[in-house]
Amino acid sequence: MAEIKLAADIRTKFGKGAARAVRRENKVPGVIYGHGADPVHVTLPGHELLLALRTPNVLLSLDIDGKNELAIPKAVQRDAIKGYLVHVDLLLVKRGEKVTVEVAVETEGDLAPGSFLVENVLNTLSVETEATHIPTSVTVSIAGLEGGDAIHAKDVTLPSGTTLVTDPDAVVIQILAAQAEEPAAESEDEAAEA
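Residues numbered from 1 in each chain as written. Predicted model: local features only at pLDDT ≥ 70, side-chain atom pairs only at ≥ 80, totals over all residues. Heavy atoms only, no water.

Trainee: Explain the layout of surface pockets here, please?
Mentor: To locate leftover empty space, one rolls a probe as large as a water molecule over the atoms. Roughly 190 Å³ of internal volume is contained in the largest pocket. Forming the boundary of the largest pocket are Arg23, Arg24, Asn26, Lys27, Val28, Gly46, His47, Leu50, Tyr84 and Leu85. Counting only elements with at least two residues in the lining of the largest pocket, the list comes to helix 1 (16-24), strand 2 (27-34) and helix 2 (46-52). Among the elements that take part in the lining of the largest pocket, helix 2 stands out by supplying three residues, more than any other. When grouped by side-chain class, the residues that make up the lining of the largest pocket number four nonpolar, three polar and three charged. (1 Å grid on protein atoms, 1.4 Å probe; cavity = no way out; pocket = protein on both sides within 12 Å on 5 of 7 lines; lining within 4 Å. Points joined across faces, edges and corners; volume = space filled by probe spheres on them. Helix = DSSP H or I, 4+ residues; strand = E, 2+ residues; numbered from the N terminus. Nonpolar A, V, L, I, M, F, W, Y, C, P; charged D, E, K, R; others polar.)

Right, dumping it as structure tokens:
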């Protein structure tokens, strides 16, 4: 997993007005916390942060007043209508440290011939992994599965160094048999007229 480098400036003004002023400069207010340290309020470059957050569980290398810190996004707030970043919470991590994150589940392969539907019961799995080797997703093969088949969390192959936190018996993907609609029965009035 690649590290994305961003420059962060310490924020000294707080409140709604100060946050709006930061966003007008195309920057995003944020807070960095973790490891028992006091939270650090920062401003981050808006466009670069938006691009970085397109990668799930991205590892950010932050330059804060000449000091480098590694962090992962913990909470991202976006404007409900326009979608721009409003605020971001970042969690400090260290190389070799284990973190618990949500990883997307992707499917591959074709179902057995017939009318079957794939139901994604869980779109993400909670896993524990090293902070510098967070997988972007896990892939599950549905090749040859039929109606009634299910894939549980314990059946998903995880990358080395990654352990499952989600309940192992939780259903991740379920295969359903498509049901055909029965033709509508003629009413008694229509039958009497015929």
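After that view, the rundown keeps rolling.
Trainee: Could you clarify how one ought to interpret the pattern of salt bridges in this entry?
Mentor: Opposite charge on two side chains permits pairing when their charged atoms draw close. What the rule picks out here adds up to four salt bridges. Glu3 is paired through a salt bridge with Arg95; the nearest N and O atoms lie 2.6 Å apart. Linking Glu3 in strand 1 (residues 3-10) with Arg95 in the loop between strand 6 (85-93) and strand 7 (98-108), this pair joins segments that are 92 residues apart in sequence. Residue Glu3 is classed as partly exposed on the basis of its relative accessible area, which comes to 28%. Assessed through its relative accessible area of 56%, Arg95 is described here as exposed. For Glu69, the salt bridge identified is with Lys67, shortest N-O distance 3.3 Å. Judged by relative accessible area, Lys67 falls into the exposed class, the value being 51%. (Salt bridge = Lys/Arg side-chain N within 4 Å of Asp/Glu carboxyl O. Buried < 20%, exposed > 50% of the residue type's maximum accessible area, 1.4 Å probe, protein only.)

Trainee: Looking at this structure, how should I read the side chain of Thr166?
Mentor: Structurally, Thr166 can be placed in the loop between strand 12 (163-164) and strand 13 (171-177). Taking relative accessible area as the criterion, Thr166 reaches 16% and is therefore assigned buried. Here Thr166 is in contact with Leu122, Leu125, Ser126 and Ala153, once residues within four sequence places are set aside. (Contact = heavy atoms within 4.5 Å.)

Trainee: Explain the pairing of strand 3 (residues 37-45) here, please?
Mentor: Each regular strand carries side chains that alternate between the two faces of the sheet. Pairing between strand 1 and strand 3: two bridges, direction antiparallel. Note that in strand 3 the partner of Ile10 across the bridge is Val42. In this structure, strand 2 lies alongside strand 3, joined through seven bridges in antiparallel fashion. Residue pairing in the sheet places Pro29 in a bridge with Thr43 of strand 3. The hairpin formed by strand 2 and strand 3 contains two residues between the paired strands, and His35 there has a positive phi angle of roughly 60 degrees. (Pairing = 2+ DSSP bridges.)

Trainee: In this structure, what is going on with the pairing of strand 1? I would like to understand it.
Mentor: By the bridge criterion, six bridges tie strand 1 to strand 4 (residues 59-64) in an arrangement that is parallel. When the sheet's bridge partners are listed, Ala7 is paired in strand 4 with Asp63.

Trainee: Hey, could you run me through the nonpolar core in this one?
Mentor: Of all hydrophobic cores here, the largest spans 23 residues; its most connected members are Ile72, Leu125 and Ile173. Residue contributions to this core peak at four residues, all from strand 7. In contact with Leu125, other than residues within four places in its own chain, are Val101, Glu102, Val103, Val105, Val138, Ala153, Val156, Leu164, Thr166 and Val172. Ranked by size, the runner-up nonpolar core spans 18 residues in total, among them Val28, Ile32, Val42 and Leu44. (Core = buried A, V, L, I, M, F, W, Y, C linked by side-chain atoms within 4.5 Å.)

Trainee: Would you mind showing me how to read the sheet that holds strand 4 here?
Mentor: As a general point, the strands of a sheet are linked pairwise by backbone hydrogen bonds and lie either parallel or antiparallel. Strands sit in the order 1-3-2-6-5-4 around a closed barrel of six strands; the barrel is mixed. The mean inter-strand angle of the sheet, taken between neighbouring strand axes irrespective of direction, is 45 degrees. Relative to strand 6, strand 2 runs parallel, the two sharing four bridges. By the bridge assignment, Ile32 is partnered in strand 6 with Leu90. Those strands touched by helix 1 are strand 2, strand 3 and strand 6, and its axis lies near 120 degrees from that of strand 2. (Axes fitted to C-alpha atoms, helices over the stretch in contact; angles between N-to-C directions.)

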